[in-house]
Amino acid sequence: MSFRSRILLAFLVVVLVPMAVLAIGVRREMDRRLTAQYEQRMTGLVSVITEELAQENSSIAGRLSSLAAALTNDNRFRLAALRTPNADRAYLLDYAGHAMRLAGLSMLQIQDSAGRIVSSGHFRNEYDRLEPTLPAVLATAPRGMAIVKARAPTGPFLAIARTDSFRLAGERFTVTGGIRVGSRFLAQLARGHELAVTLLAPRDTLSSDPRLLGDSSWRVAASSGPGAHAASADFMVDDLTIPYIDTGREPSSAVESARLLVSYPLGPLTALRRSVDLWFLTAVGLTLVIALLLGMWLSARVSRPLAELASKTARIDLDAMDVDFASNRSDEIGALSRLLGAMTRRLRASASKLREAERRATVGEVARQVNHDIKNGLTPIRNVFRHLAQVAREQPSELPAIFQERQGTLESSIAYLDSLARNYARLAPRLDREPCDVNAVVQQVIRNAQAAPSAELRVRLAEGVSAVLGDEVVVRRILENLVGNAVDSLELQPGSVTVSTEMTQDASHRPMVRITVADTGRGMSEQQLSRAFDDFYTTKDNGTGLGLSVVRRLVLDLSGSLKVDTAPRAGTRFMVDLPARAAAPLHGLPTAPVGAKAREKAR
Amino acid sequence: MRQISMRIERTCASWLLVVLAAACVRRPATVVAPPAPAPSGPPVACRVLASDSGGLMSTRAAAERAPGAGEQQFTDTVSIALAGAVDPSHAPVPRTAGERMIFAQLYEPLIRVDCMGRPYPGLAASWSVDTSARRWSFTLRSGATFWDGTPVTTRDVAASWGDSGQTGVAGQAITADGTRYAGPAPPRLAAELAADSIILVNDRTLTIVLRQASAGVPLALASPGLAVTASGSATRWPEGTGMYRVDGNSPVLGAAAAHGVITLHAPPGNHAPVLRFRVGAVSDVRDLLDRGLDIAMTADPLVLDYAATRPSLHSIPLPWSRTYVLLAPARLEQTRDSAPAADSAFRDALARDAVRVEARGAEPPYWWRNPNTCPSADSAQGALPSSGESRAGARPSEQPGVLARRIVYRRGDQVAADLADRLVALGAMGGRDATSAARLAAIIPGVGGNGTRLVAAALPAAAFDTVLHAGTEAAYVFDLPAHVLAPCAHVRALAARLPWMMRGAEHVGVDSAAAAWSDAARQGLERTLVPLIATRARLVVRRGITGIAGTTVDWDGTPRFAVMPHAPGGQP
């Protein structure tokens, strides 16, 4: 995970977590307080409804009391109720109807002491029905009031009823009356559009809002037992229990319970919750976006100087120390820039010293190389001159012959020195890519090689080896270094050095000439091998440490490759692959192999 | 002293006439066999306002009635309030009490039947019958004209008896020289009388040939359905031949006429007062009486009670004209020998306590229970329900699980509502009052127990007729005329409204022969109709009004405020 991502993530966490905690906390607190408010309001409304029912009860009681008093004083009614001959029975039958309408009641029945209905207002033709238990049950009901399922010609209806009594000629009459409980009455109790009042009677259900009855959420809330303060997702419900009497069922004295459910829809609360949730989600989303943008900006602001520092640092090289780390920032990044600038300056100074040392080392190497090369050229001459001196001293007569015999050696050494001199004169020797007979060069190098008597030099030259494109001097220098090292590796111990040539191919199937120099010397360890081609690395007491490094450079200059196979005390095998003439045609040389057959020469 | 003496005389005479009238109206107007030779008009016993001691009849009216009295000019206007709407398009067959009253003044059948059940001349001045008792000849009143002065001919009579779309068919068949014509009986005549053919002897004489001898003729010719009318007048009121005609300013449209003032006047030269009828939903009749209304025909106990408290008003009972019945389709499933539905005590109790109008327990005979076999009528076959019709109505007994069953009645009929309410109340008593339950179960089979709940339901007239036709309700409460002149025709007409009832005819094994159909219908009605109570209205009359001293009541209890002078009666 990148530094920038970490900054971004941390920023988001830092912003979002408090925001979420705030949202949850505020919502929970709001929910708790609103619910408490609703419950308080609900309790208040239930109290109001209870009070209104009590007022209705009181009002009914007052009207019934007035009726009872009026009936006591109504002689016409008295005569008919007491079944006096020639009494106006129609007056009796119609009395309750008139009185009911006058008193503003929906139900009114007058019964004699036997419970026989003598006049019924809500059901004019219900006279003579025996219903003795209704007044008795109503008289004993709590607060003297009950929901009564009364009859009417067109069907039963529910009424809040109570009873009163009066006496005529010693006979007790009861007057039972009430007001209809219908949707309109319940709506009046509801007093508004939000509240709903529902009457759940054992076999009847009425509501100020009939749509409620089909609401499953409301049914869930209403299904709780009497007296429970219940709530569902959409409704808060409280209830009152009222005695219930169904006059159409047997026994009519059975008192059941009806529930007056007060339902408060939680729709506004739910909507408020949803609104708050929505706003919180919007706020969180907005915060998220802002935090993301801010985090991206901040992380970019923090990481960009670092990236720039990284980029500048990546440009630092021994050859390119001119990177400017100057910064005006006063923060850690500015300090880091300044530190890197100081470090670069120190590196620049060190590199300068290193280059000076390297230059000096290179000059020394060149001097040693010149010394080495000149000695290689002078050694045959010195040997010839020693031989000639020895012949002149011991066999003067043979001197011309010997001189003539050895003149070629002198001339070739002189030519070598001359060529060496020209090369060094050019300082940066430019390769003369001309066809070069590798076998001839090998034979010449072996011939000039100095080795201990215990060392055996072997040449195994393949026939048909193509010439290579290169400078013969360069090839000779390669071979002289490799053979010299091979001889040195024998450390005067008996052993052999074998130089062989052969044709091979590189990875691109180009024809290559392979020159292999193998010895049976001490070999190299892996550590020695890893540094064998470094400049100035040597394991010999008088070694310059430049031989193999020069060999590697020269082989690369000839577009060739160099492989080493070595192991401690198992000898070393150098394989130099040089591009064959086929890839670069020779000028002035036959295209055929130099030798017809492989030659082996032991010296 | 002389004035006191005259007043005493008037009072005595008035009471005598009232007693006679009461004796008349309390008798059931039983339709009987061919009457004795017809009088020239209704008897004095049928005059309901023939009292001058209380001021009901003016001295001028008494003089008019006196033989040999000279012509006098009467320009008085009598205002009358009627219950029930009046729709001219129903003429001449009335459907409401108001239409009965007004149509009786406007339209005439060939003969009329008085309150004693005796025929007297109507449009026909005389009639006779041959020895086979199948050929009845009628001679139209000399000088009879329609309201517009057009003389009434036998062709007009035959055309009036045709269907509305066939008016004039009989007339077209008459030859150009007006000689005698014989043809099939017009539909309405065939329906009422089972007549086979009609012969127009000349412009004044026609002969009706019956399929078989019938004792119902000529009484059946007094049916309002056979009143002679002519269409084509400028108003929507059909032209009649009665003494009164509709004033041109009276409303003519049905809806407007249902609630308005209809003025009838006699042609110049007659001494009858103008009749101004207030019909439809009049305001409180007591207010009208206080503002000078002369006559109100009503059964409203409030009005009658009020009238009893006012010395200037007098209340005269009319005949028991309506019988309220309960029709219980489920009774059709009962066996022929089922117990009687409602005993007289029960009916009397209903009349005494359940309704607010003047009522009594219905008493036989009932015209739908006429034991005489009705003659076959071609028209009856047209009313024979098809098998599809007979199965169309699924009756309550075929609907298991129906707990709330209805007793239905026409909206606005308070008497029917009270009766239905009482029956429902009896049903609610079922579990506690075995007597009530048994009574109710006897009336409406299958109810009265705890498992069935009855309710009363008021339906608009059209809806009531629809459910009556379907027969799907537990019971129906409605009223029927207490008396009819052609029982068979009415049985057929009533049965035609109850197609489901003919399943009972199949049940009792009656085939589809047209002659037997009527008998099956009668049997079905006899089993399903339960007579409950009979009701009557009263005339509340202002004392001292003039010009209507000759007011009589006909067989159906309808007052006629004036009687045309009649030619001498014929020989039946």
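In this text, all values refer to a predicted model and were calculated from it rather than measured experimentally. (Residues numbered from 1 in each chain as written. Chains lettered and ligands numbered in written order. Predicted model: local features only at pLDDT ≥ 70, side-chain atom pairs only at ≥ 80, totals over all residues.)

Caption draft 1: Structural detail: the overall build of chain B. Scanning chain B for helices and strands turns up 18 helices and 22 strands. Taken over 572 residues, chain B has a buried fraction of 52%. Taking the intrachain contacts of chain B between residues at least 6 apart in sequence as the baseline, contacts between residues at least 24 apart amount to 72%. (Helix = DSSP H or I, 4+ residues; strand = E, 2+ residues; numbered from the N terminus. Buried ≥ 20, exposed ≤ 12 C-beta atoms within 10 Å, placed from the backbone. Contact = placed C-beta atoms within 7 Å.)

Caption draft 2: How the structure looks around the pairing of strand S3 (residues 146-150) of chain A. All names here are of chain A. Counting buried positions along S3 gives 5 out of 5 residues, so the element sits mostly inside the fold. The alternating pattern of S3 places Ala-146, Val-148 and Ala-150 and Ile-147 and Lys-149 on opposite faces, both of which are buried. Bridge count between S3 and strand S4 (residues 157-168): 5 bridges; the pairing is antiparallel. For Ala-150, the partnering residue across the bridge sits in S4 and is Phe-157. Two successive antiparallel strands, S3 and S4, enclose a turn made up of 6 residues, where Gly-155 displays a positive phi of approximately 135°. With 3 bridges joining them, S3 and strand S9 (residues 235-246) adopt parallel strand pairing. Bridging across to S9, Lys-149 finds its partner in Asp-246. (Pairing = 2+ DSSP bridges.)

Caption draft 3: Local environment of unusual backbone geometry. Cis peptide bonds are those with omega within 30 degrees of zero, and the linkage from B:Ala91 to B:Pro92 qualifies with 5°. Take B:Pro92: it is sitting in the loop between strand S1 (77-81) and helix H3 (97-106). Although it is not a glycine, A:Arg569 adopts a positive phi angle of roughly 60°. The topology assignment puts A:Arg569 in the loop between strand S16 (561-566) and strand S17 (572-579). The class of A:Arg569 is exposed, set by 9 C-beta atoms lying within 10 Å.

Caption draft 4: Representation of the sheet that holds strand S13 (residues 313-317) of chain B. Residue and element names in this part refer to chain B. Taken in spatial order, the 7 strands make up an open sheet running S9-S10-S11-S1-S12-S20-S13, and their pairing is mixed. Two strands bound the open sheet, and with one partner strand each, they are strand S9 (245-246) and S13. Summarising the sheet, S9 and strand S10 (residues 261-265) pair through 2 bridges and their orientation is antiparallel. Counterpart to Arg-245 in the pairing with S10 is His-265. Packed onto the sheet, H3 meets S9, S10, strand S11 (274-278) and strand S12 (295-298) and runs at close to 20° relative to S10. Of the strands in this sheet, S12, S13 and strand S20 (538-542) are in contact with helix H9 (residues 301-309), which crosses S13 at around 130°. (Axes fitted to C-alpha atoms, helices over the stretch in contact; angles between N-to-C directions.)

Caption draft 5: Representation of the nonpolar core. Counting residues in hydrophobic clusters, the biggest one holds 230 residues, and the most contacted among them are A:Ala146, B:Leu193, B:Ile407, B:Leu419, B:Ala420, B:Val477 and B:Leu532. The element best represented in this core is helix H13 (residues 414-428) of chain B, accounting for 10 residues. Non-local contacts of B:Leu532, meaning those with residues more than four positions away in its chain, are made with B:Tyr324, B:Val325, B:Leu326, B:Ala342, B:Arg347, B:Leu350, B:Ala362 and B:Leu419. Of all hydrophobic cores here, the second largest spans 43 residues; its members include A:Met512, A:Ala532, A:Leu548 and A:Leu554. (Core = buried A, V, L, I, M, F, W, Y, C linked by C-beta atoms within 7 Å.)

Caption draft 6: Structural detail: helix H8 (residues 332-394) of chain A. Residues and elements named next belong to chain A. The terminal C-alpha atoms of H8, which comprises 63 residues, lie 88 Å apart, in line with the 93 Å expected from a rise of 1.5 Å per residue. At Leu-378, H8 is bent by approximately 30°, the largest bend along its length, and proline Pro-380 sits one to four residues beyond. All of the buried residues along H8 are Ser-337, Asn-376, Gly-377 and Pro-380. (Expected span 1.5 Å × (residues − 1). Bend = angle between axes of the 7 residues up to and from the residue.)

Caption draft 7: Fine view of the interface of chain A and chain B. Of the residues lining the interface, 16 residues belong to chain A; the matching set on chain B comes to 17 residues. Across the side of chain A that touches chain B, the residue classes break down as 6 nonpolar, 4 polar and 6 charged. (Nonpolar A, V, L, I, M, F, W, Y, C, P; charged D, E, K, R; others polar.)

Caption draft 8: Just the confidence of the model for chain A, in detail. Averaged over all residues, the pLDDT of chain A equals 82, while 92% of them reach at least 70. Under a pLDDT of 50 for its full length, residues 583-603 of chain A has, in the predicted model, 41 contacts with residues more than four places off or in other chains. (pLDDT = per-residue confidence, 0-100.)

Caption draft 9: Broad picture of the environment of B:Ser137. Residues and elements named next belong to chain B. Along the chain, Ser-137 turns up in strand S5 (residues 135-140). Judged by the 17 C-beta atoms lying within 10 Å of it, Ser-137 falls in the partly exposed class. Distance in space between the C-alpha atoms of Ser-137 and Val-209 is 8.8 Å, their sequence separation being 72 residues. The residues touching Ser-137, leaving out its near neighbours within four places in the chain, are Trp-127, Ser-128, Thr-205 and Thr-207.

Caption draft 10: A look at the packing of H13(B) against helix H14 (residues 434-443) of chain B. Residue and element names in this part refer to chain B. As a packed pair, H13 and H14 sit with axes 8 Å apart at the nearest point and diverge in direction by 125°. Here H13 lies oblique to H14, going by the angle between them. The two elements H13 and H14 cross, and the hand of that crossing is left-handed. Of H14, the residues touching H13 (which contributes Leu-423, Leu-426 and Gly-427) are Ser-436, Arg-439 and Leu-440. The class makeup of the residues in the contact of H13 with H14 is 3 nonpolar, 2 polar and 1 charged. (Parallel < 35°, antiparallel > 145°, perpendicular 65-115°, else oblique. Left-handed = near helix turned anticlockwise from the far one by under 90°.)

Caption draft 11: Examining the environment of A:Asp324 more closely. With respect to the secondary-structure elements, A:Asp324 resides in the loop between helix H7 (267-315) and H8. Residue class for A:Asp324 comes out exposed when judged on the 9 C-beta atoms lying within 10 Å of it.

Caption draft 12: The arrangement of helix H16 (residues 487-496) of chain B in detail. For H16(B), a buried count of 8 out of 10 residues is recorded, marking the element as mostly surrounded by other parts of the structure. Of the positions making up H16(B), those classed as buried are B:Pro487, B:Cys488, B:Ala489, B:His490, B:Val491, B:Arg492, B:Leu494 and B:Ala495.

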